[in-house]
Amino acid sequence: MTSKARPRKIKLLLSAAVTLAALAALTGCDLQETSDLDNGQQLFTQKCGSCHTLTAAGTSSAVGPNLDLAFQEARKSGMDQDTFEGVIQGQIEHPRPADPQDTAVYMPANLVEGSEAEDVSAYVASVAGVPGIQAPEFIPDQFFATTCGGCHTLSTAGTTGSVGPNLDDVLPGQTAAQVSESITDPNAQIEGGFSSGVMPQTYGDQLTPAQLNQLVNYLLQSVNGGK
Ligand code: HEC
Ligand code: HEC
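Cut-off values and rules
- Residues numbered from 1 in each chain as written.
- Chains lettered and ligands numbered in written order.
- Predicted model: local features only at pLDDT ≥ 70, side-chain atom pairs only at ≥ 80, totals over all residues.
- Heavy atoms only, no water.
- Near = heavy atom within 4 Å.
- Polar contact = N/O pair within 3.5 Å; in protein donor to acceptor, adjacent residues only side chain to side chain.
- Helix = DSSP H or I, 4+ residues; strand = E, 2+ residues; numbered from the N terminus.
- Nonpolar A, V, L, I, M, F, W, Y, C, P; charged D, E, K, R; others polar.
- Donors = N, O, S within 2.8 Å, 3.2 Å for Na, K, Ca; no water.
- Tetrahedral: all angles 85-135°; square planar, octahedral: opposite > 155°, others 65-115°.
- Core = buried A, V, L, I, M, F, W, Y, C linked by side-chain atoms within 4.5 Å.
- Buried < 20%, exposed > 50% of the residue type's maximum accessible area, 1.4 Å probe, protein only.
- Contact = heavy atoms within 4.5 Å.
- Axes fitted to C-alpha atoms, helices over the stretch in contact; angles between N-to-C directions.
- Parallel < 35°, antiparallel > 145°, perpendicular 65-115°, else oblique.
- Left-handed = near helix turned anticlockwise from the far one by under 90°.

Peer 1: With reference to specific residues and values, describe the site of ligand 2.
Peer 2: Lining the immediate surroundings of ligand 2 are 26 residues, of which C148, C151, H152, E191 and M199 lie closest. Interatomic distance of 2.7 Å between a side-chain N/O atom of E191 and an oxygen atom of ligand 2. For the shell around ligand 2, the secondary structure elements donating two or more residues are α7 (140-148), α8 (167-170), α9 (176-184) and α11 (209-223). The greatest single-element share of the shell around ligand 2, amounting to three residues, is contributed by α7. Of the residues belonging to the shell around ligand 2, the class tally is 18 nonpolar, seven polar and one charged.

In structure tokens, the structure reads:
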């Protein structure tokens with residue numbers, strides 16, 4: 001296989017990969033068999049998705065490299081899943097310093113550790129750059145519980161976050177347009193007693209208009225007793 005078209009970054013990855021693959025062979029570890037891919041996907045969405053595009057996880061961000069593109073070529077050239085897992089785990093533990101020409105952001109080390117790092121690595125290795133892979137179906141209650149629930153209480157979702165306003169209390173009486181604006185432009189109006197700049201400003205980019213609608217409908221139905 002020719003590697004002529006392979007970007008420079010992948011070459012770096014690949015040389016690290018050889019060492020890691022050798023290590024994996026020595027210890028006989030095969031993450032795929034023992035990892036929880038669903039947990040890996042959830043963790044990826046929470047800990048990595050704010051910086052990386054990965055189609056299968058439904059995340060889109062240009063802060064770090066697009067992981068589908070990063071693994072496409074290597075996948076085509078026949079590199080195997082175990083090697084990918086090793087590369088990703090290596091990057092999680094010892095992130096390569098970012099190339100300042102590409103990005104000024106440095107990936108923090110050890111965002112996930114132990115079995116969580118294994119789950120995330122196995123998950124990303126199983127989906128990144130897979131030809132024709134689809135974004136997940138958007139399920140508003142799941143999205144809310146994993147993405148927003150850590151900061152917001154919403155009784156139908158069973159979440160109890162208190163960093164932001166309790167949505168059971170503040171949403172009744174609001175229109176869809178108001179709720180939508182609060183999600184895409186959180187600083188437009190600040191609820192009394194809360195600070196601006198705490199709620200992420202990226203949901204407007206992350207969600208398609210249809211997904212945003214579904215989320216807003218879900219929230220309003222939840223607080224208005226299913227009506
Ligand atoms: C704060 C932003 C940020 C977060 C969060 C983040 N990354 Fe990164 N990641 C980056 C940047 C920036 C790079 C590019 C480093 C470089 O230039 O080599 C990178 C590189 C990578 C690479 C190498 C891609 C390539 O092109 O070689 C992988 C794999 C990766 N990250 C996986 C993850 C995983 C898995 C997580 C979650 C556990 C994660 N990242 C969380 C910013 C982030
Ligand atoms: C890191 C914590 C955090 C996360 C994550 C977060 N929020 Fe918020 N949210 C806040 C804070 C703090 C406020 C109050 C200040 C403001 O309005 O920006 C707020 C305000 C809001 C409001 C306005 C409430 C009102 O008083 O009218 C809505 C609606 C909302 N968030 C929905 C969401 C949804 C939906 C998500 C997930 C897509 C989300 N938030 C994720 C912290 C968060």
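Peer 1: Kindly report on the coordination of the iron atom of ligand 2, identifying the contributing residues and their values.
Peer 2: In an ideal octahedron of six donors the angles at the metal are 90 or 180 degrees, and in an ideal tetrahedron of four donors they are 109.5 degrees. Summarising the metal site, the iron atom of ligand 2 is bound by the protein donors H152 (NE2) and M199 (SD), whose distances to it range over 2.0 to 2.1 Å. With six donor atoms in place around the iron atom of ligand 2 and angles of 87 to 178 degrees between them, the coordination shape is octahedral. Of this pair, H152 sits in the loop between α7 and β1 (153-154) while M199 is found in the loop between α9 and α10 (203-206), placing the two residues 47 residues apart along the sequence.

Peer 1: Just give me the short version of the nonpolar core, but keep the residues and values in it.
Peer 2: Grouped together as the largest cluster of nonpolar side chains are 23 residues, with contacts concentrated most on F44, L54, F71, V120, Y123 and V124. Put simply, the parts of the chain that give this core at least two residues each are α3 (37-47), α4 (67-76), α5 (81-93) and α6 (114-127). The biggest single contributor to this core is α6, with six residues. In contact with L54, other than residues within four places in its own chain, are F44, T59, L67, D68, Y123, V124, V127 and A128. By size, the runner-up hydrophobic cluster in this structure holds 18 residues, among which are F144, L167, L171 and L215.

Peer 1: Describe in detail the packing of α5 against α6, supporting the description with residues and values.
Peer 2: With their axes 8 Å apart at the nearest point, α5 and α6 run at an angle of 130 degrees to one another. When the axis of α5 is compared with that of α6, the two are oblique. Judged by the sense of rotation from one axis to the other, the crossing of α5 with α6 is right-handed. Of α6, the residues touching α5 (which contributes Q81, F84, E85, I88, Q89 and I92) are G114, A117, E118, V120, S121, A122, V124, A125 and S126. Here the residues of the contact of α5 with α6 are counted per class, giving eight nonpolar, five polar and two charged.

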